[in-house]
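Coordinates in review
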Amino acid sequence: MLILEVALKLPLHRTFDYLLPATMHVVTGVRVTVNFSNRRCTAIALNIKKRTDVPQEKLKQVIAVLDEQPVLNQAQLHFLHFVSQYYCHPIGDTLFTALPAVLRDGGHPDKTQIPVVRLTEKGQTLPTLRAKKQQALLFQLYEGGAIKLSELKALGFASQTIKALEAKALIIQSIEHDSDWAQNELHLGDKPRLNDQQATICSAINVQVGYRTFLIEGVTGSGKTEVYLQSLENILKAGKQALVLVPEIGLTPQTVNRFKKRFTDLPIDLWHSNLTDNERLHTWRRAEKGLSALVIGTRSAIFLPFKSLGMIIVDEEHDNSFKQQEGLRYHARDLAAFRAHQINCPLLLGTATPALETLHKAINNKYQLVTLSKRAQTQHDNQFHLVDMKGQPEQGGFSPMSLHWIEKTLNRAKQVVVFLNRRGFAPTLMCHECGWLNTCKHCSTSATYHKNMNRLVCHHCGEQDFVPRQCPDCGSTQIMPTGLGTEQLESFLTERFADIPVTRIDRDSTRRKGSLESALEDINQGGARILVGTQMLAKGHHFADVSLVVILDVDSGLYSCDFRATEQMAQLITQVAGRAGRAGEAGTVLLQTHFPEHPLLQDLINNGYGDFARYALKEREEAMLPPFAHLAIIRAEATNINTVLQFLSDLVPATPYPGIQLLGPIPAPLERIAGKFRYQLHIHAQQRTVLRNYLSQLARYISTHESANRVRWSIDVDPMDS
Ligand code: ADP
Ligand code: ZN
Ligand code: ZN
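Here the structure is a predicted model, which is why all the values come from computation and not from measurement.

Notes on the site of ligand 1
Of all residues adjacent to ligand 1, which total 15 residues, the nearest are Pro192, Gly223, Lys224, Thr225 and Ala376. If you tally residues by element for the shell around ligand 1, the top one is helix α9 (residues 224-237), at 3 residues. Counted by class, the shell around ligand 1 contains 3 nonpolar, 9 polar and 3 charged residues.

Quick notes on helix α12 (residues 332-343)
Relative to the 16 Å expected for 12 residues at 1.5 Å per residue, α12 spans 16 Å between its end C-alpha atoms, a close match to the ideal helical length. Taken together, the buried positions of α12 are occupied by Ala332, Arg333, Asp334, Leu335, Ala336, Ala337, Arg339 and Ala340. For α12, the secondary structure elements touched by its buried residues are α1 (74-86), β9 (212-218), β10 (241-245), β13 (309-315) and β14 (346-351). Among the residues trailing α12, Asn344 stands out with phi positive, at a value near 65°.

A look at unusual backbone geometry
Put simply, Pro626 and Pro627 share a cis peptide bond, and its omega is 5°. Assignment of secondary structure puts Pro627 in the loop between α19 (599-622) and β27 (630-638). The linkage connecting Gly664 with the following residue, Pro665, adopts the cis geometry, with an omega of 0°. At Met624, a residue that is not glycine, the phi angle is positive and equals roughly 50°. With respect to the element layout, Met624 can be found in the loop between α19 and β27.

Notes on the environment of Gly29
Secondary-structure assignment places Gly29 in the loop between β2 (16-20) and β3 (31-36). Once residues within four sequence positions are removed from consideration, Gly29 is found in contact with Ile44, Ala45, Pro70, Val71, Leu72, Asn73 and Leu77.

A few points about the environment of Gln535
You can see Gln535 is positioned in the loop between β24 (529-533) and β25 (546-551). Under the C-beta neighbour-count criterion, Gln535 is labelled partly exposed, with 19 such atoms within 10 Å. C-alpha of Gln535 to C-alpha of Val576: the two residues are 41 residues apart in sequence and 7.8 Å apart in space. Setting aside its immediate chain neighbours within four residues, Gln535 contacts Asn421 and Leu572.

Considering the packing of helix α8 (residues 196-206) against α9
The angle between the axes and the distance between the axes are what describe a pair of packed helices. Between α8 and α9, the least distance of the axes is 10 Å, while the angle of their chain directions is 35°. Considering only the axes of α8 and α9, their crossing is right-handed. Residue-level contacts link Gln198, Ile201, Cys202, Ile205 and Asn206 of α8 to Glu226, Val227, Gln230, Ser231 and Asn234 of α9. Looking at the contact of α8 with α9 residue by residue, the class counts come to 4 nonpolar, 5 polar and 1 charged.

Examining the UniProt feature "binding site: Zn(2+) 2" (unreviewed entry) in the protein chain
UniProt marks Cys440, Cys443, Cys458 and Cys461 with the feature "binding site: Zn(2+) 2" (unreviewed entry), using the numbering shown here. Taking the farthest pair of C-alpha atoms as the criterion, the annotated set spanning 22 residues converges on one region, since that pair is 8.7 Å apart. Of note, Cys458 is situated in the loop between β20 (455-457) and β21 (464-466). C-beta crowding within 10 Å serves as the criterion here: with 20 such atoms nearby, Cys458 is assigned to the buried category. Cys458 has contacts with Cys440, Cys443, Ala447 and Glu463, leaving out every residue within four places of it along the chain. Beyond its immediate stretch of four places on either side in the chain, Cys461 contacts Cys440, His442, Cys443, Ile673 and Ala674.

Focus: the sheet that holds strand β6 (residues 115-119)
In spatial order, the strands read β7-β6-β8; together these 3 strands make up an open sheet with antiparallel pairing. Edge strands, defined here as strands with exactly one partner in the open sheet, are β7 (147-148) and β8 (171-175). Alignment of β6 against β7, held across 2 bridges, turns out to be antiparallel. Bridged to Val117 within β7 is Ile147. Lying over the sheet, helix α5 (residues 132-144) contacts β6, β7 and β8, oriented at roughly 100° with respect to β6.

With respect to the sheet that holds strand β30 (residues 712-717)
Ordered in space as β28-β29-β27-β30, the 4 strands form an open sheet in which the pairing is antiparallel. Among the strands making up the open sheet, the edge pair consists of β28 (660-673) and β30. When strand polarity is set aside, the average angle formed by the axes of neighbouring strands in this sheet is 20°. Relative to strand β29 (residues 676-685), β27 runs antiparallel, the two being bridged by 9 bridges. Bridging across to β29, Ile633 finds its partner in His682. The sheet contacts of helix α20 (residues 641-651) involve β27, β28, β29 and β30, and relative to β27 the element is tilted by about 145°.

A look at the packing of α1 against α12
Axis separation between α1 and α12 bottoms out at 11 Å; the angle between their running directions is 145°. Relative to α12, α1 is oriented so that their crossing is right-handed. On α12, the residues that touch His78, Phe79, Phe82 and Val83 of α1 are Leu335, Phe338, Arg339 and Gln342. Taken together, the residues of the contact of α1 with α12 sort by class into 5 nonpolar, 2 polar and 1 charged.

Criteria and thresholds
Residues numbered from 1 in each chain as written. Chains lettered and ligands numbered in written order. Predicted model: local features only at pLDDT ≥ 70, side-chain atom pairs only at ≥ 80, totals over all residues. Near = placed C-beta within 6 Å. Helix = DSSP H or I, 4+ residues; strand = E, 2+ residues; numbered from the N terminus. Nonpolar A, V, L, I, M, F, W, Y, C, P; charged D, E, K, R; others polar. Expected span 1.5 Å × (residues − 1). Buried ≥ 20, exposed ≤ 12 C-beta atoms within 10 Å, placed from the backbone. Contact = placed C-beta atoms within 7 Å. Axes fitted to C-alpha atoms, helices over the stretch in contact; angles between N-to-C directions. Left-handed = near helix turned anticlockwise from the far one by under 90°. UniProt positions renumbered as here; feature names shortened; annotations may be inferred. Pairing = 2+ DSSP bridges.

Below you can see the structure in the form of structure tokens.
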């Protein structure tokens, strides 16, 4: 009798054995159906063996085999085993997280055909149309090539527009035909001549045959994307596939279009959260069969099974959205390094503001550091000014000097960016009589006042409430919004600069599909305009006409208990500042602060992010914080505070484990969210292997622990927040 060892989608750090009937043909990586506690489940076949420790009478038979070909090949399984070990995450859940939903649920790998929208021959002539949206759609297809229906909708095009153009025979929907792109000669769109720095970098990358990670440290607009494009050329010419990871696709359709315009004949697929399950499966299979030349995707694209991957690029490698914050808590950039090493291909990490972890590796020659120090299209660097807010009369959150600058800039018909990383009208309401503060019923935080909706909304649990007319404590009607949000800035600036259009860009203003795109379109019309926004504004957009950036809440990053706060503040300031002066003239960046003499701020604005980051690394070293030590957090939450505390206290060993320092249980930064108490243990280790061994012991201990069922718990290796 043969035994099949399988992985099930369970939060358990183990595999399961089943009897394999002689009639069934199974290879590693196929899906099978088995019975687990009286339920039929899909499982992944890992290993066929002759013996098991499970007693004969308890062994159950495999019910069915779902695939002839593996859905996870050997290389994928090897990669995912590493992922499971590194993040101390159950193997079954790791494998199932990597699979697209259709395969996870037992669906057929090849059941889907996804139509794409493309221009007809008549459409290629780009006739002029009166309907603005229809014209925009024609341009999109002309510039970006064939595209999936759902992606057009994500870009803000309505079914109506698409139908109208179909009726005019300008576009058609058809099934994508599989091109043999790897055999064809590569035709390229127009490309600029590289400048010296770019050329040096590209030749360093091009001579690289095997694995090597390059950190491209280049200021915004210095031509990093151009370096990606020209490095990809050689890979694609050789018929190898490539993967480009980006923080968010919906936010930057311009970037995607640049790749499509350069590699016009090549099949380029996108991977992001707006795809339907079937579309995801479709892209997964195209990558696997080698049908897509290039996949541009968000973090989970790192799990795609490429047939012959020749290069991975991680754009904006510092961006926190590469870290998955629930379930399998992986970091796509870090996994990209492992994967590139495994398949022996180059990895490019690009950013203006490297994460300290990445910079540390580059300084220690684990990665090759290459630099682009000049903007590609302008000679000018941005000018930074610190605006001292101490004792200043504030108006709508602005100092008189900032308002003066804004006015001057608008008078020159240029655009202004106002940055505040807080949406809503005000973060809290306060009673003027007794000092009552509004708090969320379920969380240890206040609910944000949204004036447009006339509601209090908790940004942590989503609870919405009416705005009270009277103070619940003293009955006074003098309830005032306290603190600033983007909605308030928008309303102040609209009043103050009456003839100037104000565009707000944050999660509230862009919730409706297509609203971000039309806002960006308005902005790119040019002319005097104010853009108010949160960090969505900082992400990769190209605004040609912005010449002033005002940053309002610098101080919150200077004095935070989170050791990453200053790094993140410096990244955000640099990224937002990068929106100014993209073309032509130098931009001006104003930072409003109560601490203009703060050494970190001084360093950042006088010497730039690169210098700041190297200094910050020294501080991390002295404090023995990552990247000079390794960190993990065990988080637990439950409705009853004692259950949580008991569970975590039990994990702290009576005698210390060599090489491990434990801190806790301590409350999470927000002790209560949605009615659940949240506590954590911090685990520090000098050695990665010590941490890994310790965590795997701990995970095994927890899974036998009876109180583990009464809390929600998780292990976060290399956490990005605490
Ligand atoms: P980054 O990705 O670093 O922000 P980009 O690659 O987007 O920079 O380049 C910024 C702008 O400069 C783009 O409009 C790009 O087309 C242009 N550009 C890049 N490299 C060159 C070059 N060598 N010659 C002329 N223009 C260039
Ligand atoms: Zn009161
Ligand atoms: Zn809440």
